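One-letter residues, chain by chain:
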Amino acid sequence: MDLFSSAVLGDLVLSNRVTMAPLTRTRADAGDVPGDVVVEHYGQRATLGMIVTEGTYPTQEGKGYTGQPGIVTDEQVAGWKRVADEVHAKGGTIVMQVMHAGRVSHPEVTGTDRIVAPSAVAIDGQVHVPSGKAEFPEPHALTTEEVRQTVQDFVTASKRAVLEAGLDGVELHSANGYLLHEFLSPVSNVRTDEYGGSPAARARLGIEVAEAVSAAIGAGRVGIRISPMHNIQDVVETDLDDVTATYDALMDGLAPLGLAYMSVLHSDPRGELVQRLRRRFGQAVVLNSGFGTVTDLAEAKDLVENGHADAVAVGRMAIANPDLVARWERETELNEPNPATFYADGATGYTDYPTLESVSR
């Protein structure tokens, strides 16, 4: 496979195999609605093979960050429709990452009375809130019935994203310490009902969400993101035997569904764990080598052309280079990302990175 060749992942058509990783940027307008600057940002990056949006909350309790967009209100849906229309007008493919933050939040952020998680186990640390910083609170442990309602929350959000806002699909966020990932770890999930205890039970929610969303919008429009052993935000996965058993169970539940793809964030994408999960999953896999390294052209080419992945997910280089694919194809200079503006407000560091075309004028 060539990095710049087209690909079909389920019902998703990619013009190349360079995808934009989901990137929290906290630029939503009042009411957590994607506004003009968000529309422009995603439209600028439409030449990437597939855009995965920033994590978008499916229910108010699932909001993780001030400035994060949602897919709950009619106004938010309308904002995302503008984004989808802009990307499609430029020939791009865009899917929404549906992200329930779980315990990685605070009532000052959600505006609700509580935050929720598999178990009443708080993160050890502080969270950014509108008034400054606060300790992560102890979350409410979802009841069995509330867990089942969470499945429906993902379904409702996914239907709104695809059937109303017109995005091409969704990516279910089961990585980086957020709710679905919290259920997978025996450290954050100490439940004793059917959603906790054994590896298979801890994998149950992710499978049920994928099944229900696939039934609602079609499996060919559904991806899922995982980050085994990433050990972030107190979702600890250090026992390789337990990790293997848990993610094997997750793969065994997902494989029959025929999902569009699985996106894996891992520091060793060529290693035995990731490649084992890829084989067990059986569908297309998008790889990303993690927060510690930047996926450069050589890395991207190696992963795709040597058969480790069907596509790659690129983060920081996609932030700084809206025309990244053209720059990589020509092997020309790249803009350097400015981390100081990753989570700022407005256009600076968001829509003002120059393209090759603008520089050559």
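Analysis parameters
Residues numbered from 1 in each chain as written. Predicted model: local features only at pLDDT ≥ 70, side-chain atom pairs only at ≥ 80, totals over all residues. Heavy atoms only, no water. Helix = DSSP H or I, 4+ residues; strand = E, 2+ residues; numbered from the N terminus. Pairing = 2+ DSSP bridges. Axes fitted to C-alpha atoms, helices over the stretch in contact; angles between N-to-C directions. Contact = heavy atoms within 4.5 Å. Expected span 1.5 Å × (residues − 1). Bend = angle between axes of the 7 residues up to and from the residue. Buried < 20%, exposed > 50% of the residue type's maximum accessible area, 1.4 Å probe, protein only. Parallel < 35°, antiparallel > 145°, perpendicular 65-115°, else oblique. Left-handed = near helix turned anticlockwise from the far one by under 90°. Nonpolar A, V, L, I, M, F, W, Y, C, P; charged D, E, K, R; others polar. Salt bridge = Lys/Arg side-chain N within 4 Å of Asp/Glu carboxyl O. Polar contact = N/O pair within 3.5 Å; in protein donor to acceptor, adjacent residues only side chain to side chain. Phe/Tyr/Trp six-rings, centres within 6.5 Å; stacked < 30°, edge-to-face > 60°.

**Q** Please provide a residue-by-residue account of unusual backbone geometry, values included.
**A** The phi dihedral of methionine 229 falls on the positive side, at around 65 degrees, and the residue is not glycine. You can see methionine 229 is positioned in the loop between β11 (222-226) and α7 (240-254). Here asparagine 231, not a glycine, exhibits a phi torsion of approximately 55 degrees, which is positive. Assignment of secondary structure puts asparagine 231 in the loop between β11 and α7.

**Q** Got a sec to walk through the sheet that holds strand β10 (residues 169-174)? Specific residues and values, please.
**A** Reading around the circumference, β3-β4-β5-β10-β11-β12-β13-β14 is the order of the eight strands in this closed barrel, with parallel pairing throughout. Sheet twist, expressed as the average angle between the axes of neighbouring strands with direction ignored, equals 25 degrees. Helix α8 (residues 272-281) contacts β11, β12 (261-265) and β13 (284-288) of the sheet and is inclined by roughly 160 degrees relative to β13.

**Q** Hey, could you go over helix α6 (residues 199-217) for me, with residue numbers and the actual values?
**A** In this model, α6 (19 residues) spans 28 Å end to end at C-alpha, consistent with the 27 Å of a helix rising 1.5 Å per residue. Remark: the principal bend of α6, roughly 35 degrees, maps to leucine 205. The complete set of buried residues in α6 reads Ala201, Arg202, Ala203, Leu205, Gly206, Ile207, Val209, Ala210, Ala212, Val213, Ser214 and Ile217. Close packing links the buried residues of α6 with α4 (144-164), β10, α5 (179-184), β11 and α7. Trailing α6 by a residue or two, glycine 218 shows a phi angle of about 100 degrees, which is positive.

**Q** How would you summarise the packing of helix α1 (residues 36-44) against helix α2 (residues 74-89) if you had to cite specific residues and measurements?
**A** One way to put it is that α1 packs onto α2 with a least axis distance of 8 Å and a crossing angle of 30 degrees. It follows that α1 is roughly parallel to α2 by the angle criterion. The crossing of α1 and α2 is right-handed. In contact with Asp36, Val38, Val39, Tyr42 and Gly43 of α1, α2 contributes Trp80, Arg82, Val83, Glu86 and Val87. Residues that form the contact of α1 with α2 fall into these classes: six nonpolar, one polar and three charged.

**Q** With reference to specific residues and values, describe the pattern of salt bridges.
**A** Scanning the model with the defined rule gives 21 salt bridges in all. The salt bridge partner of glutamate 86 is lysine 90, with a shortest N-O separation of 3.4 Å. Across the pair aspartate 193 and arginine 191 runs a salt bridge whose closest N-O atoms are separated by 2.7 Å. Within this structure, Asp248, Asp252, Arg276 and Arg280 form a network of salt bridges that share partners.

**Q** Outline the side chain of glutamine 68, supporting the account with residue identities and numerical values.
**A** Among the secondary structure elements, glutamine 68 is positioned in the loop between β4 (50-52) and α2. Reaching out from glutamine 68, the side chain makes a polar contact with the backbone oxygen of glycine 55 at a distance of 2.9 Å. Sequence-distant contacts of glutamine 68, defined by excluding residues within four places in its chain, comprise Thr26, Ala28, Asp32, Gly55, Thr56, Tyr57, Lys63 and Met99.

**Q** Before we move on, can you summarise the packing of aromatic side chains with the specific residues and values?
**A** One pass over the structure, following the stated rule, counts three aromatic pairs. Seen in terms of ring centroids, tyrosine 65 and tyrosine 178 are 6.5 Å apart; in terms of plane orientation they differ by 85 degrees. Their pairing is edge-to-face. Residue tyrosine 65 is found in the loop between β4 and α2, and its partner tyrosine 178 is found in the loop between β10 and α5; the two are separated by 113 residues along the sequence. Look at phenylalanine 342 and tyrosine 343: their rings are 6.3 Å apart centre to centre, the planes differ by 90 degrees, and that puts the pair in the edge-to-face class.

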